[in-house]
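Here is how the chains run, residue by residue.
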Amino acid sequence: MAVPKKKLLDTSWNTATFLLTKQPEDYVDGHRVKIVIVGSGYTGVAVGIAILFKRLASELVFIDANEDLAKAEAEDISHAATFLGNPKIIGTKDYSLARDATVCVITVGDKSTNEQDDNTLLEQNLNIFKEVIPNVCKYAPNSVLLVVTSPVNILSFAAMKLSGFPPHRVVGLGTFLDSCRFQYFIAQKLGISAKAVQASIICENGPTSVPIWSAVTVMGIKLKDINKNIGTKTDPEAWSELHSKVIDSDSDLIARKGYRCWGIGVCAAEVVDAIVRNTCICITVSTYLKGCRHGLDKDVYMSLPCIVGRDGVQTFLRYPYTPEEQEQTEASCRTIYETQKTILQTLE
């Protein structure tokens, strides 16, 4: 009786080759959207989570000088990637992994305490930008830069100069979150949904920001038509206190919980969404004004209602501000330029 010959073991065999008829390396790499976040602290992670929950990225890269932290955050999120559209999530300090990114979000150096002096914060973050921005732009020359780091107007201007990008492709988060907070506080006072409220804060973040009370509406109804003194010192309902709450929000949250990040994360993801999907939404982001038309003949970055799409800021809206709002806008613009002047020589 003939003994059957023993079949030789196929040395190229493994579980993956047996299970899959075609291997991952053989797939055609179709359209992928890579988003890069520089900085993997609280703010960077919040931005990343918000982007992933909106399923905007097929690849998300955290870049941080602290590579162990970046890798740990990437791995932590990756464990639940199956519920986020199964994106590729990477943590690294290698800027070459920014190659071909659609959007690069700059969160590194964001304000973390109330004790930080504004001038010290600017100097510290400008030095970080001088290293970060050229490195990112070297590998992602066609990306849109979204600057989140404070002070956002000055650093957006610096990022534009350091990158060599056209100004429309360098966007600052600006007063977008301030406007959202403004809507929220107005809605709270009225006892309605914030979605029904349209309200904007423009110019600079902080005490010199300008609330546009003349444009505050609820489903198209101007509140100024109901209360002509709204937002002024003579307003019997003291609506102006809501602007003060917006101004104090950051320091209040930092004092109470040690940091703030989630509002910023959601707003930054909305800007990324506008760029990736070309939604052309109108939001108050920081944009470049050449020979500023708001009372100061200087080039600055400041927040205005802008249309944001595939190439960044596509245009901004002209609004007939009241004389008081125009005066406040000019003062805020002047404040921005006075700070900007202190860094101009270092950007030459």
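Residues numbered from 1 in each chain as written. Predicted model: local features only at pLDDT ≥ 70, side-chain atom pairs only at ≥ 80, totals over all residues. Heavy atoms only, no water.

Quick look at the overall build of the protein chain now. What the protein chain contains, in helices and strands, is 10 helices and 14 strands. Projected onto its principal axes, the C-alpha coordinates of the protein chain cover approximately 110 × 50 × 35 Å. For the protein chain, the proportion of its 348 residues judged to be buried stands at 47%. Expressed as a percentage of contacts within the protein chain between residues at least 6 apart in sequence, the contacts between residues at least 24 apart total 69%. Looking at the protein chain as shown, the accessible area adds up to about 18100 Å², and 53% of this sits on carbon and sulfur atoms. (Helix = DSSP H or I, 4+ residues; strand = E, 2+ residues; numbered from the N terminus. Buried < 20%, exposed > 50% of the residue type's maximum accessible area, 1.4 Å probe, protein only. Contact = heavy atoms within 4.5 Å. Areas by Shrake-Rupley, 256 points an atom, 1.4 Å probe, with all protein chains shown as cover.)

Under the criterion given, the structure shown has 6 aromatic pairs. Centre to centre, the rings of Phe182 and Trp213 are 5.0 Å apart; their planes meet at 80°, and the pair counts as edge-to-face. Here Phe182, found in helix 6 (residues 176-190), pairs with Trp213, found in the loop between strand 9 (210-211) and strand 10 (217-218); they are 31 residues apart in sequence, far enough to count as distant. The same class applies to Phe182 and to Trp213, which are both buried. Arranged with centres 5.3 Å apart and planes meeting at 55°, the rings of Tyr319 and Tyr321 form a pair that is tilted. In this structure Tyr319 comes out as partly exposed when scored by relative accessible area, which is 29%. Through a chain of ring-to-ring contacts, the aromatic side chains of Phe182, Trp213 and Trp239 assemble into a single cluster. The ring of Phe165 carries the charged tip of Arg169 above its face, separated from the ring centre by 4.3 Å. Directly above the ring of Trp239 sits Lys189, whose terminal nitrogen or CZ lies 5.1 Å from the centroid. (Phe/Tyr/Trp six-rings, centres within 6.5 Å; stacked < 30°, edge-to-face > 60°. Lys NZ or Arg CZ within 6 Å of the ring centre and 35° of its normal.)

Proteins that are soluble and globular tend to have nonpolar side chains buried together. The biggest cluster of nonpolar side chains holds 47 residues, and the ones touching the most others in it are Val36, Ile133, Leu145, Val170 and Met302. Formed by 39 residues, the second largest nonpolar core is a distinct cluster that contains Val33, Ile77, Leu173 and Ala274. (Core = buried A, V, L, I, M, F, W, Y, C linked by side-chain atoms within 4.5 Å.)

We now examine unusual backbone geometry. Look at the link from Ser150 to Pro151: it is a cis peptide, with omega at -5°. Phi at Cys280 takes a positive value of approximately 55°, unusual for a residue other than glycine. Mapping Cys280 onto the fold places it in the loop between helix 9 (262-276) and strand 12 (281-289).

The geometry of helix 6 relative to helix 9 is characterised by a closest axis approach of 9 Å and an angle of 115° between their N-to-C directions. With respect to each other, helix 6 and helix 9 are oriented roughly perpendicular. Considering the relative orientation of helix 6 and helix 9, their crossing is right-handed. Here Phe176, Leu177 and Cys180 of helix 6 come into contact with helix 9, specifically with Gly263, Ile264, Cys267, Glu270 and Val271. In terms of residue class, the contact of helix 6 with helix 9 is built from 6 nonpolar, 1 polar and 1 charged. (Axes fitted to C-alpha atoms, helices over the stretch in contact; angles between N-to-C directions. Parallel < 35°, antiparallel > 145°, perpendicular 65-115°, else oblique. Left-handed = near helix turned anticlockwise from the far one by under 90°. Nonpolar A, V, L, I, M, F, W, Y, C, P; charged D, E, K, R; others polar.)

So, on to the pairing of strand 14 (residues 312-316). Here 4 bridges tie strand 13 (residues 300-309) to strand 14, and the two strands are oriented antiparallel to one another. Counted as the bridge partner of Val308 is Val313 from strand 14. In textbook terms, the turn of a hairpin is the stretch between consecutive antiparallel strands, and for strand 13 and strand 14 this stretch comprises 2 residues. (Pairing = 2+ DSSP bridges.)

The gaps of empty space that remain are located by a probe, the size of a water molecule, rolled over the atoms. Taken as a whole, the largest pocket encloses approximately 830 Å³ of empty space. Surrounding the largest pocket, 30 residues form its lining, Ser150, Pro151, Asn205, Gly206 and Asp250 being those nearest its centre. Residue assignment for the lining of the largest pocket shows that the elements contributing at least two residues are helix 4 (118-139), helix 5 (152-163), helix 6, helix 8 (241-257) and helix 10 (323-341). Residue classes in the lining of the largest pocket are distributed as 12 nonpolar, 10 polar and 8 charged. (1 Å grid on protein atoms, 1.4 Å probe; cavity = no way out; pocket = protein on both sides within 12 Å on 5 of 7 lines; lining within 4 Å. Points joined across faces, edges and corners; volume = space filled by probe spheres on them.)

Honestly, it's all geometry; don't read function into it.
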